[in-house]
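Coordinate analysis (summary)
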Amino acid sequence: MSKVTGLGTAVKPWELKTPPGTSAYQAYKDEAADPPALVVQVGKTQLRYHLRSIEDLHAMLTKNGDWVPLGSADEQKPAAEGTVEAWGRASNNPVKGWYGLKKGLRGRFGMYIPPVLEALGLAEVEHNAKNNRMRAVAKKK
């Protein structure tokens, strides 16, 4: 698991890196938002995803039981089938569509959400130059 600093709050966000390790970003929970959001700050760009994406993605990975490719893609580009990115916009996921909350910035689910699960100890994420995958880690009781 990658070393992570921060508490996941707006004041002390998690300091994360994309799976290939090429870009740094911050993320934090905004439970007061409507709907509750996971806020991702990449430079001056702010992306927002349903906060429930953390639990929902962990549940999907647990059910899958094996490695799942990340397949990150911008909203305007199609997501490769069978990837975390495709699941994050699929009509049969728990939110029945996009986990991204800002139209035009709803993509990149497979880039920014996996490191959050890794930081929380819920998933293993590969850190290769490309074609990374992730799988669930059992929750500690």
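Residues numbered from 1 in each chain as written. Predicted model: local features only at pLDDT ≥ 70, side-chain atom pairs only at ≥ 80, totals over all residues. Heavy atoms only, no water.

Here we look at the overall build of the protein chain
So the rule is basically this: Only DSSP runs of H or I reaching four residues or more are called helices, and only runs of E reaching two or more are called strands; each is numbered from the N terminus. Every radius of gyration here is taken over C-alpha atoms, with the globule rule written as 2.2 Å times N^0.38, N being the number of residues. Throughout this description, buried means an accessible area under 20% of the type-specific maximum (1.4 Å probe, protein chains only), exposed means over 50%, and partly exposed covers the range between. In this analysis, two residues are considered to be in contact whenever any of their non-hydrogen atoms come within 4.5 Å of each other. Working convention for charge: Lys and Arg count positive, Asp and Glu count negative, and His plus the chain ends are omitted. Think of each charge as sitting on NZ of Lys, CZ of Arg, CG of Asp or CD of Glu.
A count of helices and strands for the protein chain gives 4 helices and 7 strands. Its C-alpha atoms give the protein chain a radius of gyration of 14 Å, within 12% of the compact-globule value 14 Å for 141 residues. The dimensions of the protein chain, computed from C-alpha atoms along their principal axes, are 35 × 30 × 30 Å. Among the 141 residues that make up the protein chain, the fraction classed as buried is 43%. Taking contacts inside the protein chain between residues at least 6 apart in sequence as the whole, the part at least 24 apart equals 48%. Once the 21 positive and 14 negative side-chain charges of the protein chain are each reduced to a mean point, those two points are 2 Å apart.

Side note on the sheet that holds strand 1 (residues 14-17)
Where we set the bar: Two strands form a pair only when DSSP identifies at least two bridges running between them. Throughout, an axis means a line fitted to C-alpha atoms (over the contacting stretch in the case of helices), and angles, computed between N-to-C directions, take values from 0 to 180 degrees.
With respect to topology, 4 strands assemble into an open sheet ordered 1-2-3-4, the strand pairing being antiparallel. Across the chains shown, the open sheet's two edge strands, defined by having one partner strand only, are strand 1 and strand 4 (45-50). Averaged over all neighbouring strand pairs, the angle between strand axes comes to 30°, with direction disregarded. Where strand 1 meets strand 2 (residues 24-30), 4 bridges bridge the pair, whose relative direction is antiparallel.

Focus on the pattern of salt bridges
The line we're drawing: In what follows, salt bridge is the name for a side-chain nitrogen of Lys or Arg lying within 4 Å of a carboxyl oxygen of Asp or Glu.
This structure, assessed with the given rule, holds 7 salt bridges. Here Glu-124 makes a salt bridge to Arg-135, at a shortest N to O gap of 2.8 Å. Of this pair, Glu-124 sits in strand 6 (residues 123-125) while Arg-135 sits in strand 7 (residues 133-136); the two residues are 11 residues apart in sequence, bridging distant segments of the chain. Residue class for Glu-124 comes out partly exposed when judged on its relative accessible area of 35%. Between Glu-126 and Arg-133 there is a salt bridge, and its shortest N-O distance comes to 2.8 Å.

Observations regarding unusual backbone geometry
In the segment running from Asp-34 into Pro-35, the intervening peptide bond is cis, with an omega of 0°. The topology assignment puts Pro-35 in the loop between strand 2 and strand 3 (37-42). A positive phi angle is found at Arg-108, which is not glycine, with a value near 65°. Among the structural elements, Arg-108 can be located in the loop between helix 2 (84-87) and helix 3 (109-112). Taking relative accessible area as the criterion, Arg-108 reaches 25% and is therefore assigned partly exposed. Despite not being glycine, Asn-131 has its phi angle at roughly 60°, a positive value. Within the secondary structure layout, Asn-131 lies in the loop between strand 6 and strand 7.

With respect to the side chain of His-58
The condition that has to hold: As used in this structure description, the phrase polar contact means that two N or O atoms lie within 3.5 Å; if the pair is within protein, one of them must be able to donate a hydrogen and the other to accept it, and residues adjacent in sequence are counted only when both atoms belong to side chains.
Within the secondary structure, His-58 is located in helix 1 (residues 53-64). Look at His-58 and you get buried, because its relative accessible area is 7%. Looking at His-58, its side chain comes within polar contact range of the main-chain oxygen of Leu-122, at 3.4 Å. Apart from residues no more than four positions distant in its own chain, His-58 is found in contact with Leu-117, Leu-122, Ala-136, Val-137 and Lys-139.

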